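Examination of the molecular architecture
Listed below, chain by chain, are the residues.
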2 protein chains.
Amino acid sequence: MKPTEQEKFEEIEYEPQSVRQILTRMKDVAELIVDLAYSAVIFDDDEIAEEVRYLEAHMDTLNYKIRLSCMLAARSVDDAERLTGILQVAAAAEHMSNAAGDIVDLLDTVDTRPFLPRILSGGVEKIKLFRVPEDSHLAEATLAENEVETATGMRVIAIRRGERWSFGPDGDQRIETEDTLLLRGTDDGFEHFKRFSRTGETRDRHDDT
Amino acid sequence: MKPTEQEKFEEIEYEPQSVRQILTRMKDVAELIVDLAYSAVIFDDDEIAEEVRYLEAHMDTLNYKIRLSCMLAARSVDDAERLTGILQVAAAAEHMSNAAGDIVDLLDTVDTRPFLPRILSGGVEKIKLFRVPEDSHLAEATLAENEVETATGMRVIAIRRGERWSFGPDGDQRIETEDTLLLRGTDDGFEHFKRFSRTGETRDRHDDT
């Protein structure tokens with residue numbers, strides 16, 4: 001965690017790499033953790049809740065690191081004033097992750113069944129589970145090769161293989177038959193997704209160009 | 001705001017409509033407001049920031065209303081215990097919106113240029129502005145008819161027409177030439193989107209079925 005000499009004397013105008021990386025990671029975690037928190041409650045899933053708690057703790061660590069980096073980067077009042085902006089975004093990201101943690105605490109403390117999952121699944125965007133069938137078009141290719149999100153509008157939040165979840169998968173993640181995908185998107189998107197998983201077709205062929 | 005007799009005596013087991021509607025709305029606002037807050041900073045846009053502040057205040061109102069509805073709905077200890085779950089989700093949604101408000105406060109208080117927008121635009125998902133050109137495939141149809149999100153994976157967060165923004169548009173929203181769209185998605189998705197807006201084609205024709 002100790003900054004290198006190079007980092008320590010880097011000018012803030014040069015966009016210190018570590019601050020940038022940490023803040024970008026915090027933004028990504030803040031987006032993922034909100035999805036996962038709602039998913040944990042909707043599917044009453046302790047493993048997803050566990051990941052939310054892990055990410056919440058991870059976010060605390062990131063916030064600590066970014067404070068450290070910012071303080072080391074600030075060498076004038078002007079620097080410091082501008083760096084408070086970064087710390088404010090970091091604090092906001094941490095508040096979001098704490099709120100996500102509050103949501104999954106529900107799984108331990110209160111009997112919210114049967115109505116909370118049904119209410120939460122009623123938003124504009126839905127969270128869906130999908131099991132990849134035999135001979136699916138999706139299987140044995142990566143998320144990027146399949147272009148799942150651009151082809152169907154459904155975002156893959158997590159993938160379960162056997163007993164293991166992989167959360168916030170990147171484009172290099174392979175999909176295999178029998179995987180269970182946690183998806184976010186509209187009802188329409190899910191219909192497209194199901195068709196796409198069978199055939200690789202994304203939409204009906206009513207070309208209206 | 002006064003509850004009707006019917007609402008007042010509704011059993012919690014019947015899923016009181018108003019609590020359901022309020023909580024669903026809070027979840028939708030919590031998702032939208034996070035996107036808008038990052039957008040406001042990335043594009044240094046006071047109008048988007050203004051919408052974030054409006055939604056933040058709206059969220060406070062929703063939280064007040066849902067507390068009221070829950071208290072009126074609880075008629076036993078069991079009811080009350082389960083309803084605390086709803087209030088916990090509502091409080092979490094409000095924390096997220098407060099955090100979003102903290103982010104847009106940056107536009108007023110600190111000079112975060114030039115590096116904060118660049119850092120924030122570096123996440124996995126990007127926020128992009130797109131101006132709908134003449135003779136675009138998108139124009140004169142609704143979002144649902146165009147199936148923008150399912151076809152390209154890009155989510156339309158907001159639409160600007162002339163001087164007016166429309167935030168969190170639904171499927172019935174028409175797109176016209178010269179509209180400016182605020183989009184969220186991956187770089188790949190944005191490439192698909194640009195092609196789609198010209199031709200209505202969503203992907204290259206390398207059919208791998």
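Residues numbered from 1 in each chain as written. Chains lettered and ligands numbered in written order. Predicted model: local features only at pLDDT ≥ 70, side-chain atom pairs only at ≥ 80, totals over all residues. Heavy atoms only, no water.

**Some points on the nonpolar core**
To keep things clear, this is the line we draw: Among the buried residues, those of types Ala, Val, Leu, Ile, Met, Phe, Trp, Tyr and Cys that are joined through side-chain atoms within 4.5 Å form a nonpolar core. The buried label goes to any residue with under 20% of its type's maximum accessible area, the exposed label to any with over 50%, and the partly exposed label to all in between, with areas taken from a 1.4 Å probe on protein chains only. Note on contacts: a residue pair is in contact if any heavy atoms of the two residues lie within 4.5 Å.
Within the largest apolar cluster, 94 residues are counted, with the highest numbers of intra-cluster contacts made by Ile86 of chain A together with Ile86 of chain B. Leave out the neighbours within four places in its chain, and Ile86 of chain B touches Phe115, Leu116 and Ile119 of chain A together with Val19, Leu23, Ile66 and Cys70 of chain B.

**Re the pairing of strand S4 (residues 164-167) of chain A**
Put simply, the test is: Strands are runs of DSSP state E lasting at least two residues, helices are runs of H or I lasting at least four, and both sets are numbered from the N terminus onward. Pairing between two strands requires that DSSP report at least two bridges joining them.
Burial along S4 of chain A is one-sided: the face carrying Trp165 and Phe167 of chain A is buried and the face carrying Arg164 and Ser166 of chain A is not. What sits between strand S3 (residues 155-161) of chain A and S4 of chain A in their antiparallel hairpin is a turn of two residues, with Gly162 of chain A showing a positive phi close to 60°.

**Here's the deal with a nonpolar patch on the surface**
This is how the line gets drawn: Each patch is built from salt-bridge-free residues with over 30% relative accessible area, joining like charges within 9 Å and nonpolar side chains (Val, Leu, Ile, Met, Phe, Trp, Tyr) within 5 Å. Every accessible area reported is derived by Shrake-Rupley at a probe size of 1.4 Å, with residue values counting cover from the shown protein chains alone. Any Lys or Arg side-chain nitrogen located within 4 Å of an Asp or Glu carboxyl oxygen qualifies as a salt bridge.
Together, Tyr64, Leu68, Met71 and Leu72 of chain A give the surface a local cluster of nonpolar side chains, amounting to about 400 Å² of exposed area. Checked against the element boundaries, Tyr64 of chain A lands in helix H3 (residues 46-73).

**A look at the pattern of salt bridges**
In the structure shown here, the tally under the stated rule is 28 salt bridges over all chains. Taking the shortest distance from any N to any O, the salt bridge between Arg161 of chain A and Glu176 of chain A comes out at 3.7 Å. Taken together, the residues span a long stretch of sequence, with Arg161 of chain A in strand S3 and Glu176 of chain A in the loop between strand S5 (174-175) and strand S6 (180-185) at a distance of 15 residues. For Glu176 of chain A, a relative accessible area of 29% gives the class partly exposed. Residue Asp45 of chain B pairs with Arg160 of chain B through a salt bridge whose shortest N-O separation is 3.7 Å. Here Arg160 of chain B lies in strand S3 (residues 155-161) and Asp45 of chain B lies in the loop between helix H2 (17-42) and helix H3 (46-73), a separation of 115 residues in the sequence. Assessed through its relative accessible area of 12%, Asp45 of chain B is described here as buried. With relative accessibility at 22%, the residue Arg160 of chain B sits in the partly exposed group.

**Overview of unusual backbone geometry**
Even without glycine at this site, Glu178 of chain A takes up a positive phi of about 80°. You can see Glu178 of chain A is positioned in the loop between S5 and S6.

**Concerning the sheet that holds strand S1 (residues 126-131) of chain A**
Residue and element names in this part refer to chain A. Here is the rule: Simply put, an axis is a line fit to the C-alpha atoms, just over the touching stretch for a helix, and the angle between two N-to-C directions goes from 0 to 180 degrees.
Pairing within the open sheet is antiparallel, and its four strands lie in the order S1-S6-S3-S4. Strands with a single pairing partner mark the edges of an open sheet, and in this sheet they are S1 and S4. On average, adjacent strands in this sheet sit at an angle of 20° to one another, irrespective of strand direction. As defined by bridge partners, S3 adjoins S4 across four bridges and the pair is classed as antiparallel. Across the sheet, residue Ile159 finds its bridge partner in S4, namely Ser166. Running over the sheet, H3 touches S3, S4 and S6 and is turned about 45° from S4. Running over the sheet, helix H8 (residues 187-199) touches S1 and S6 and is turned about 15° from S1.

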